[in-house]
Amino acid sequence: MTVVTDSPARPERGHPARIGRPAIGALGVLALALGTLQTVVDPTRPLLERELGVDSAAAALIASTLLITGAIVAPIAGKLGDRYGGKRVLLALMALVSAGGVLSSLAPGLPALLIGQTLQGAMVGALPLSFILVRKNFPEGQTQVAVGVVSALFTAGGIVGTLVAGPLAEGLSWHWIFAAPTIVIVAASLVVLRLMPDDPPSRQDTAIDWPGVALLSATLLALMLGLLVVTGGGVPPLAVGGIVLVVAALAVAWVAVERRAVSPMVELRMLAAPALWSASVLTVAVAAVSAMLQTFVPKLFGVSGDGYGLGLDTTEIGLFLMPASVAGVLAGSVGGLAVRRYGARAVATAGAVVTAGVLVGVAALHDTAWQLVVARTLVAFVGGLITTALLASTATAVAAEDTGIATSLLVVIRLIGAVAGGQVAGSVLDAGHDPATGAPAESAFVTGFLVAALVIALSLFAARHLTKEVRS
C-alpha cells in the first residue's frame, strides 16, 4: 500500500492517518443515536402532555427549543471545525448534548426539560463535523461512501426514534426516551475519542468573524423566541411590534458588521440572488407544513372525540408514523434522480401542488388510520423531493466556493420554518379546544390542515425563480 506523505498542496491533512472501520462505525453509531434523539418527542407528545400537565403549545415548545439551539449552532459549527479541528469541536458538542440528555432524562417538569432540550440542540452541528473528519482521514476514493453512510444513519435514526419512543415511554417512563439515546451517544463519543485520529486545524490566517457570529446568533435567538411568543397567542399588538423592532435592529446590525468584515460569516451578496431567496421561501413553507403535520397527526391518532380521533396509545402512534419516516429516507435518493431528469423548478412546483392537494384531502377525510398514514407518508415523501430540489438549485446557483455557506443558510431557514410551523399548529389546536372535554375539536384539525395547504400553495409564487435545470 502506498504511504501518503505530507504535501504542500493538501496542508489541511497534516499527518494523515488511516481511519479504520471501527472509527467510521463509531461516527455512524453516533449519527444514528443523534437522529434517534431528535425524533423521540414526536410520537410521545400526547403522553408528555398528560405526564407533564401541559397543553399542545407547551408540548410543541419541547421540540422547538431543540431547534432554536440548532439554528444558532448550524452556521457556526462547520467554521469552528475547520479552524480548530473537526474532532475537537465534535467532542465538545457531544459533551453539551450528553449533558442535555442527562438533564432531560432526570427533569422533574417542563422548565428543566426545556433547558435539557436547549443543550441537546447542539446535535445539529454534529453532521457537518463528521463530514470534516471523513474528508480529512478517509481514503480518497471512499470519502463519498463514508459520507453517505453517516448521513443515511442519521436519517435512519429518525425511524428508530419513532419506533422505540412509545415502548420506552410506556414500558419504563418518558424519561427513558432521552436517557437511552444519550447512553449510546456517550459510548460512541468515547470510541471516537479513542479511535479517530486528531485532524489538524486549518492553516488559514483569516480570523473568525466573532462579532458577526454573535450578532447572527442573537438575531436568530430573538427571531425564534419571537415566533414562539407571538404564535403562543395572547400577545398585545404593541408587544408584537416591539419584538419585530428588536429582531430588525439586530439583523441590521449584523448586516452592517458583515459588510465590513474581512472574512464575513455569510456572504451578503448571495442573499439578493433570486434563486436563494426563492429557495428560502419554499424551504420555510415545506418545513412549516412538515412541523404542522408532526403536531396534528399524532394528536389526531391519540385523541378520542365524538366521531373523530382514534384513541391510540403511544406505541401504536409510533408504528403508524413509521411509514412517513421511511418515505423521508427514500425521498433523498429518488429526489436526486428526479431533479436530474426534470429540473429543480419542476420538482418543487409539482411537489408543492401535490402537497396542497393531499392536505385538502386529509382535511375532508381523516376518520380512519389509513387515511392519516397515507397523507402523512405522501407529504413526507414529497417534502423530501422538494428539499433535494432546493438544495440542488441553491448549490448550482451560487459560486462553487459559496456552496457550503448557501446550503448552511437553508439549514437554518428550515429550522426557523419548523419552529414557526410547530408553534402555529399547537396554537391552532389550543384555540379550537372543546370546553367540555379539553381536547381539540375536530374543526381545529380541519382548520389546521387547510392552513397548511394554504402555506404550501402560496409558496408556489416563489418557485418560478428556481433554476430550471441543475448542473452536474
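Residues numbered from 1 in each chain as written. Predicted model: local features only at pLDDT ≥ 70, side-chain atom pairs only at ≥ 80, totals over all residues. Heavy atoms only, no water.

Student: Which parts of the structure should I look at to understand the overall build of the protein chain?
Tutor: The helix and strand tally for the protein chain stands at 17 helices and 0 strands. When burial is assessed residue by residue, the protein chain has 52% of its 472 residues classed as buried. Considering only intrachain contacts with a sequence separation of at least 6, the fraction spanning at least 24 residues in the protein chain is 81%. Working note: accessible area of the protein chain is about 20700 Å², and carbon and sulfur atoms make up 68% of it. (Helix = DSSP H or I, 4+ residues; strand = E, 2+ residues; numbered from the N terminus. Buried < 20%, exposed > 50% of the residue type's maximum accessible area, 1.4 Å probe, protein only. Contact = heavy atoms within 4.5 Å. Areas by Shrake-Rupley, 256 points an atom, 1.4 Å probe, with all protein chains shown as cover.)

Student: Would you mind showing me how to read empty space enclosed by the protein here?
Tutor: The gaps left among the atoms become clear once a water-sized probe is rolled over them. Per the counting criterion, the structure on display carries 2 cavities of 30 Å³ or more. By volume, the largest cavity amounts to about 60 Å³. Arg45, Pro46, Glu49, Ser56, Ala59, Ala60, Thr295, Pro298, Lys299 and Leu429 are the residues that line the largest cavity. Listing elements by their share of the lining of the largest cavity, those giving two or more residues are helix H2 (45-52), helix H3 (56-84) and helix H11 (274-302). Split into classes, the residues belonging to the lining of the largest cavity amount to 5 nonpolar, 2 polar and 3 charged. The volume enclosed by the second largest cavity comes to roughly 40 Å³. Lining the second largest cavity are Leu27, Leu30, Ala31, Leu34, Leu90, Ala126, Leu127, Ser130 and Phe154. Going through the elements one at a time, helix H1 (21-39) and helix H6 (126-137) are the ones with two or more residues in the lining of the second largest cavity. (1 Å grid on protein atoms, 1.4 Å probe; cavity = no way out; pocket = protein on both sides within 12 Å on 5 of 7 lines; lining within 4 Å. Points joined across faces, edges and corners; volume = space filled by probe spheres on them. Nonpolar A, V, L, I, M, F, W, Y, C, P; charged D, E, K, R; others polar.)

Student: In this structure, what is going on with the environment of Val379? I would like to understand it.
Tutor: For Val379, the location among the structural elements is in helix H14 (residues 369-397). Since its relative accessible area comes to 7%, Val379 is described here as buried. Not counting chain neighbours up to four residues away, the residues in contact with Val379 comprise Val289, Leu293, Thr355, Val358 and Leu359.

Student: I tried to follow the confidence of the model for the protein chain on my own but got confused; where do I start?
Tutor: As a general rule, the predicted coordinates of low-pLDDT regions are not to be interpreted in detail. The predicted model of the protein chain averages 76 in pLDDT, with 78% of residues at 70 or higher. Note that pLDDT drops below 50 for residues 1-17; the model gives that stretch 19 contacts with residues more than four away or on any other chain. (pLDDT = per-residue confidence, 0-100.)

Student: In this structure, what is going on with a nonpolar patch on the surface? I would like to understand it.
Tutor: On the surface, Val160, Leu163, Val164 and Leu319 cluster together to form a nonpolar patch covering roughly 260 Å² of accessible area. Sorting elements by how many residues they give to the nonpolar patch places helix H7 (residues 143-171) first, with 3 residues. Mapped onto the fold, Leu163 is located in helix H7. Judged by relative accessible area, which is 32%, Leu163 ranks as partly exposed. (Patch = residues over 30% accessible without salt bridge, like charges linked within 9 Å, V, L, I, M, F, W, Y side chains within 5 Å. Salt bridge = Lys/Arg side-chain N within 4 Å of Asp/Glu carboxyl O.)

Student: Would you explain the packing of aromatic side chains in this entry?
Tutor: Within a pair of aromatic rings, the relevant descriptors are the distance that separates the centres and the angle that separates the planes. Counted according to the given criterion, the structure contains 3 aromatic pairs. An angle of 85° between the planes, with centres 6.3 Å apart, marks the rings of Trp174 and Phe178 as edge-to-face. Each of the two residues, Trp174 as well as Phe178, counts as buried. Between Phe301 and Phe320, the ring centres sit 5.4 Å apart and the planes meet at 20°, which makes this aromatic pair stacked. Placement of Phe301 in helix H11 and of Phe320 in helix H12 (residues 314-342) is noted, with a sequence separation of 19 residues between them. Accessibility expressed as a relative area gives 1% for Phe301, which makes it buried. (Phe/Tyr/Trp six-rings, centres within 6.5 Å; stacked < 30°, edge-to-face > 60°.)

Student: Could you clarify how one ought to interpret the side chain of Ser280 in this entry?
Tutor: Relative to the elements of secondary structure, Ser280 occurs in helix H11. Aside from chain neighbours lying at most four places away, what touches Ser280 is Leu410 and Ile413.

Student: What's the story with the environment of Ile208 in this structure? I'm lost.
Tutor: Residue position: Ile208 is located in the loop between helix H8 (176-195) and helix H9 (210-231). Overall, the relative accessible area of 12% leaves Ile208 in the buried class. For the pair Ile208 and Pro264, spaced 56 residues apart in sequence, the C-alpha separation works out to 8.0 Å.

Student: When you look at H2 in this model, what are you seeing that I'm missing?
Tutor: Given 3.6 residues to a turn, an α-helix orients residues that are three or four positions apart in the same direction. With 6 of 8 residues buried, H2 is to be regarded as a mostly interior element. Taken together, the buried positions of H2 are Arg45, Pro46, Leu47, Leu48, Glu49 and Leu52. Within two residues after H2, Gly53 carries a phi angle of roughly 65°, on the positive side.

Student: What should I look at first to understand the packing of helix H13 (residues 344-364) against helix H16 (residues 442-458) in this one?
Tutor: For any two helices packed against each other, one specifies the inter-axial angle together with the distance between the axes. It is the contact of H13 with H16, at a shortest axis distance of 8 Å, that shows an interaxial angle of 165°. The angle between H13 and H16 falls in the class roughly antiparallel. Along this stretch, H13 crosses H16, giving a crossing that reads as left-handed. Across from Ala352, Thr355, Ala356, Leu359, Val360, Val362 and Ala363 in H13, the residues of H16 making contact are Val446, Phe449, Leu450, Ala452, Ala453 and Ile456. Counted by class, the contact of H13 with H16 contains 12 nonpolar, 1 polar and no charged residues. (Axes fitted to C-alpha atoms, helices over the stretch in contact; angles between N-to-C directions. Parallel < 35°, antiparallel > 145°, perpendicular 65-115°, else oblique. Left-handed = near helix turned anticlockwise from the far one by under 90°.)

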